[in-house]
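Analysis of the macromolecular model
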Amino acid sequence: MMVSQPEKWVDDIADAGGSLYCFHLEATSDPLPIIDHIHERKMKAGVAISPDTPSTAVTDEIAEAADMLLVMTVYPGRGGQKFLERCVPKVAELRARFPDKDIEVDGGVGPKTIDVCADAGSNVIVAGTAIFNAEEPEKVIALLKSTVDVAQAKIAAKRA
Ligand SMILES: O=C(CO)[C@@H](O)[C@H](O)COP(=O)(O)O
């Protein structure tokens, strides 16, 4: 949800059948009650950070309460923007602190940029333009999935 006052829309999304409610950390000074509310409404809670927000803004307390952490790799607003590689170290930092958490990337992700995201530890991928503009979207989806699967297996092997 790219909205201010994200707490206002939790019930509407739950009532509409939502299963995940992801909101921007920058949009609130009090994220923990929002996460609690999302969970009370039986949805998973995601916390997103924009490109200029450091990963350390996601405190251990917030991350432990949330189900998913989203590192935006473009400025929120529209599809088709250029992937911001400078955001990738935030994925690695979050993955190091939270080995078992879902960590998502969103923005400019496609066949040319998936490797760095997957190697940094992202296991949830949002891709718009790379899929919708592809001649064979299913092949792009398969590539994104397999790249993440291989990277996740490597990361798991290192941890073992
Ligand atoms: O909502 C946003 C950006 O505001 C993203 O979800 C993008 O829409 C993803 O699209 P691509 O960057 O993959 O085209």
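The protein goes by Ribulose-phosphate 3-epimerase in an unreviewed UniProt entry, where it is assigned to Dichomitus squalens. In its Function (unreviewed entry) section, the UniProt entry covering the protein states "Catalyzes the reversible epimerization of D-ribulose 5-phosphate to D-xylulose 5-phosphate." Its UniProt record gives the protein the following Sequence similarities (unreviewed entry) comment, quoted word for word: "Belongs to the ribulose-phosphate 3-epimerase family."

The subject of this paragraph is the site of the ligand. The full set close to the ligand counts 13 residues, and Gly77, Asp106, Gly108, Gly128 and Thr129 are the nearest of them. Gly77 places a main-chain nitrogen or oxygen 2.6 Å from an oxygen atom of the ligand. Taking Arg78, its main chain carries an N or O atom lying 3.2 Å from an oxygen atom of the ligand. Calculation on the ligand without its partners gives an accessible area of 370 Å², and the protein chains cover 84% of this total. The residue inventory of the shell around the ligand, partitioned by class, reads four nonpolar, seven polar and two charged.

Moving on: the sheet that holds strand β5 (residues 124-126). Sheet architecture is open: five strands sit in the order β1-β2-β3-β4-β5, paired in parallel fashion. Looking at strand neighbours, the two that pair on one side only are β1 (20-24) and β5, the edges of this open sheet. With direction set aside, neighbouring strand axes in the sheet form an average angle of 25°. Bridge analysis of β1 against strand β2 (residues 44-49) gives five bridges, and the strand direction is parallel. By the bridge assignment, His24 is partnered in β2 with Ala48.

On to unusual backbone geometry, then. Of note in this structure, Gln5 is not a glycine but carries a positive phi near 45°. We note that Lys42 has phi near 65°; this positive angle belongs to a residue other than glycine. Its place among the elements puts Lys42 in the loop between α2 (31-40) and β2. Residue class for Lys42 comes out exposed when judged on its relative accessible area of 75%.

Before going further, it helps to spend a moment on the pattern of salt bridges. For the coordinates displayed, the defined rule picks out seven salt bridges. Measuring nitrogen to oxygen at the nearest pair gives 2.8 Å for the salt bridge that ties Arg97 to Asp60. Taken together, the positions of Arg97 in helix α4 (residues 88-97) and Asp60 in helix α3 (residues 60-65) put the pair 37 residues apart, joining distant regions of the chain. Arg97 gets classed as partly exposed once you look at its relative accessible area, which sits at 26%. Taking relative accessible area as the criterion, Asp60 reaches 39% and is therefore assigned partly exposed. For Arg97, the salt bridge identified is with Glu93, shortest N-O distance 2.8 Å. With a gap of four residues between them, Arg97 and Glu93 both fall in helix α4, about one helical turn apart.

The next subject is the pairing of β2. With five of its six residues buried, β2 lies for the most part within the structure. Crossover connection from β1 via α2 to parallel β2: handedness right-handed. By the bridge criterion, four bridges tie β2 to strand β3 (residues 68-72) in an arrangement that is parallel. Along β3, the bridge assignment pairs Ile49 with Val71. The β-α-β motif built from β2, the intervening α3 and the parallel element β3 has right-handed crossover chirality.

Calculation criteria
Residues numbered from 1 in each chain as written. Predicted model: local features only at pLDDT ≥ 70, side-chain atom pairs only at ≥ 80, totals over all residues. Heavy atoms only, no water. UniProt positions renumbered as here; feature names shortened; annotations may be inferred. Near = heavy atom within 4 Å. Polar contact = N/O pair within 3.5 Å; in protein donor to acceptor, adjacent residues only side chain to side chain. Areas by Shrake-Rupley, 256 points an atom, 1.4 Å probe, with all protein chains shown as cover. Nonpolar A, V, L, I, M, F, W, Y, C, P; charged D, E, K, R; others polar. Pairing = 2+ DSSP bridges. Helix = DSSP H or I, 4+ residues; strand = E, 2+ residues; numbered from the N terminus. Axes fitted to C-alpha atoms, helices over the stretch in contact; angles between N-to-C directions. Buried < 20%, exposed > 50% of the residue type's maximum accessible area, 1.4 Å probe, protein only. Salt bridge = Lys/Arg side-chain N within 4 Å of Asp/Glu carboxyl O. Right-handed = clockwise from strand over helix to strand, strands pointing away.

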